[in-house]
Amino acid sequence: MPEYEFVDVYVPRGVSRKEATRLLTDHAEYGHWELDRLSLMRDGSRRVRLRRRIIRQVRATW
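Throughout, a residue's number is its position along its own chain's written sequence, starting from 1. Totals for whole chains, interfaces and linings use all residues, but because this is a predicted model, local features are given only for residues with pLDDT of at least 70 and pairs of side-chain atoms are given and counted only at 80 or more. Only hydrogens and water are set aside when side-chain values are computed; all heavy atoms of the structure are taken into account.

The name an unreviewed UniProt entry gives the protein is DUF4177 domain-containing protein, with Streptomyces broussonetiae as the organism.

What follows is the structure, encoded as structure tokens:
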């Protein structure tokens, strides 16, 4: 089963949808993050949980 690491991003309500999209796209392109969960709060802010897979290297034995 794959292991993931998570990061929570808070997007305030004053941030437009276009700016939020750009922020999350940058995380996805440069940090290899993918969207795990998005919560829209009553005040218009967003809580976003991003995840990326942890790749463990197996040590080669000779």
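Still to come is the rest of the account.
*Asks:* Whenever I open this one, the overall build of the protein confuses me. Can you help?
*Replies:* The secondary structure content of the protein amounts to one helix and three strands. Traced from its N-terminal end to its C-terminal end, the protein shows the element sequence β-α-β-β. A globule of 62 residues ought to have a C-alpha radius of gyration of about 11 Å, yet the protein, at 15 Å, is considerably larger. Classification of residues uses two cut-offs on accessible area relative to the type maximum, computed with a 1.4 Å probe and protein chains only: under 20% is buried, over 50% is exposed, and between them is partly exposed. Per-residue burial over the protein gives 15% buried out of 62 residues. Contact criterion: two residues are considered in contact whenever any of their non-hydrogen atoms come within 4.5 Å of each other. Counted over contacts in the protein with a minimum sequence separation of 6, partners at least 24 positions apart contribute 60%. For the protein, the exposed area adds up to about 5,700 Å²; of that, 50% sits on carbon and sulfur atoms. Under the counting rule used here, the positive set is Lys and Arg, the negative set is Asp and Glu, and His together with the chain ends is not counted. Just so you know, the charge point we use is NZ for Lys, CZ for Arg, CG for Asp and CD for Glu. When the 14 positive and 9 negative side-chain charges of the protein are each reduced to one mean point, those points stand 3 Å apart. The numbering of helices and of strands both runs from the N terminus, where a helix is a DSSP run of H or I of at least 4 residues and a strand a run of E of at least 2. In this treatment the radius of gyration is a C-alpha quantity, and the globule benchmark scales as 2.2 Å times the residue count to the 0.38 power. Accessibility throughout is a Shrake-Rupley quantity obtained with a 1.4 Å probe, and a residue counts as covered only by protein chains that appear here.

*Asks:* When you look at helix H1 (residues 17-31) in this model, what are you seeing that I'm missing?
*Replies:* Since the α-helix turns once every 3.6 residues, residues separated by three or four places project in the same direction. Helix length check: H1, at 15 residues, gives a terminal C-alpha distance of 21 Å against a target of 21 Å (1.5 Å per residue), a fit within 8%. Where H1 terminates, the next one or two residues include His-32, which has phi positive at roughly 60°. Multiplying 1.5 Å by the residue count of a helix minus one yields the expected span of that helix.

*Asks:* Is there a simple way to explain the nonpolar core in this structure?
*Replies:* Soluble globular proteins: nonpolar side chains tend toward being buried together. Working definition of a nonpolar core: buried Ala, Val, Leu, Ile, Met, Phe, Trp, Tyr and Cys residues. They are joined through side-chain atoms within 4.5 Å. Within the largest apolar cluster, six residues are counted, these being Val-9, Val-11, Ala-20, Trp-33, Val-48 and Leu-50. Put simply, the parts of the chain that give this core at least two residues each are strand S1 (3-11) and strand S3 (46-54). Leu-50 has contacts with Glu-5, Phe-6, Val-7, Val-9, Leu-24, His-27, Trp-33, Glu-34, Leu-35 and Asp-36, leaving out every residue within four places of it along the chain.

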